[in-house]
Amino acid sequence: SMPSILLLGATGLMGSHLVAALKKTHPAYPLTVFVRDTSTALQEYLNNTIGVNEIVTGDFSETDKTSKLASEHDVVINCGSSWDIGLTKAIIEGLVKRYEEGKGKGRLIHVSGTGNFVDGRRDGKLAGPGESKVWSVGLLLVHGYEMNQC
């Protein structure tokens, strides 16, 4: 069967391109987007131009809603916020619930933009030695959760 997909961040830099590419490449896959914007123009664009199957409005602080949505989908793609630990936990909790209810393993694709690697300076200078953050794959993965448990 075709996997159902939940996309968070469908109006952002990556998400806006990804939502179009997903429907172009896999038009039959059920695609739900979770967006803040409730404007008619966006709804019409996502429905008529892109062809998404469902639009859910809300924000990332609505962890119960996010968790429930995650539990209802085979694949969750989060390109909306890579720093929101509460959001990430809610997604994982939803995927775990899905598994525990016998609906199969869900998948989380957690991506981020280059904004994560900005050094935070506001004076036009680059961070010097000792000011830069050291990055590792372990740090960037799901904030303490073992992904293979989902």
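See above for the structure.
Conventions we followed
Residues numbered from 1 in each chain as written. Predicted model: local features only at pLDDT ≥ 70, side-chain atom pairs only at ≥ 80, totals over all residues. Heavy atoms only, no water. Helix = DSSP H or I, 4+ residues; strand = E, 2+ residues; numbered from the N terminus. Buried < 20%, exposed > 50% of the residue type's maximum accessible area, 1.4 Å probe, protein only. Salt bridge = Lys/Arg side-chain N within 4 Å of Asp/Glu carboxyl O. Pairing = 2+ DSSP bridges. Axes fitted to C-alpha atoms, helices over the stretch in contact; angles between N-to-C directions. Core = buried A, V, L, I, M, F, W, Y, C linked by side-chain atoms within 4.5 Å. Contact = heavy atoms within 4.5 Å. Right-handed = clockwise from strand over helix to strand, strands pointing away. Arc of directions from axis to C-beta.

Draft legend 1. Representation of the overall build of the chain in the model. Within the chain, the secondary structure is distributed over five helices and five strands. For the chain, the succession of helices and strands along the chain, N to C, is β-α-β-α-β-α-β-α-β-α. For the chain, the proportion of its 150 residues judged to be buried stands at 35%.

Draft legend 2. Looking closely at the pattern of salt bridges. Summed over the entire model, instances satisfying the criterion amount to five salt bridges. Here Glu62 makes a salt bridge to Lys65, at a shortest N to O gap of 3.4 Å. Of the residues examined, Glu62 reaches a relative accessible area of 29% and is grouped as partly exposed. Note that Lys97 is salt-bridged to Glu101, the shortest N-O span being 3.7 Å. Members of the salt-bridge network, linked through shared partners, are Lys97, Glu101 and Lys103.

Draft legend 3. Fine view of the sheet that holds strand β4 (residues 75-78). If you trace the five strands from one edge of the open sheet to the other, you get β3-β2-β1-β4-β5, paired in parallel fashion. Whereas interior strands pair on both sides, the edge strands pair on one side only; in this sheet they are β3 (54-57) and β5 (107-110). In this sheet, adjacent strand axes meet at a mean angle of 20° when their direction is disregarded.

Draft legend 4. Geometry of the nonpolar core. In terms of nonpolar packing, the biggest core is built from 16 residues, with Leu7, Val19, Leu31, Val33, Val35, Leu46 and Val52 touching the most fellow members. For this core, the elements supplying multiple residues, two or more each, are β1 (5-8), α1 (13-25), β2 (31-35), α2 (40-50) and β4. Those residues within four positions of Val33 in sequence are excluded, and the remaining contacts are Leu7, Ala10, Val19, Leu46, Val52, Glu54, Ile55 and Val56.

Draft legend 5. Structural view of the pairing of β5. One ladder, built from four bridges, connects β4 with β5; its direction is parallel. Residue pairing across strands places Ile77 opposite Ile109, the latter belonging to β5. Running through helix α4 (residues 85-100), the crossover from β4 to the neighbouring parallel element β5 is right-handed.

Draft legend 6. Fine view of α2. Within α2, burial applies to Leu42, Leu46 and Ile50. On an axial view of α2, the arc spanned by its buried residues comes to 35°, and they lie on one face. Opposite the buried face of α2, by more than 90 degrees, sit the exposed residues Thr40, Ala41 and Asn48. In this structure, the buried side of α2 is in contact with α1, β2 and β3. Two residues or fewer past α2, Gly51 is found with a positive phi of approximately 90°.

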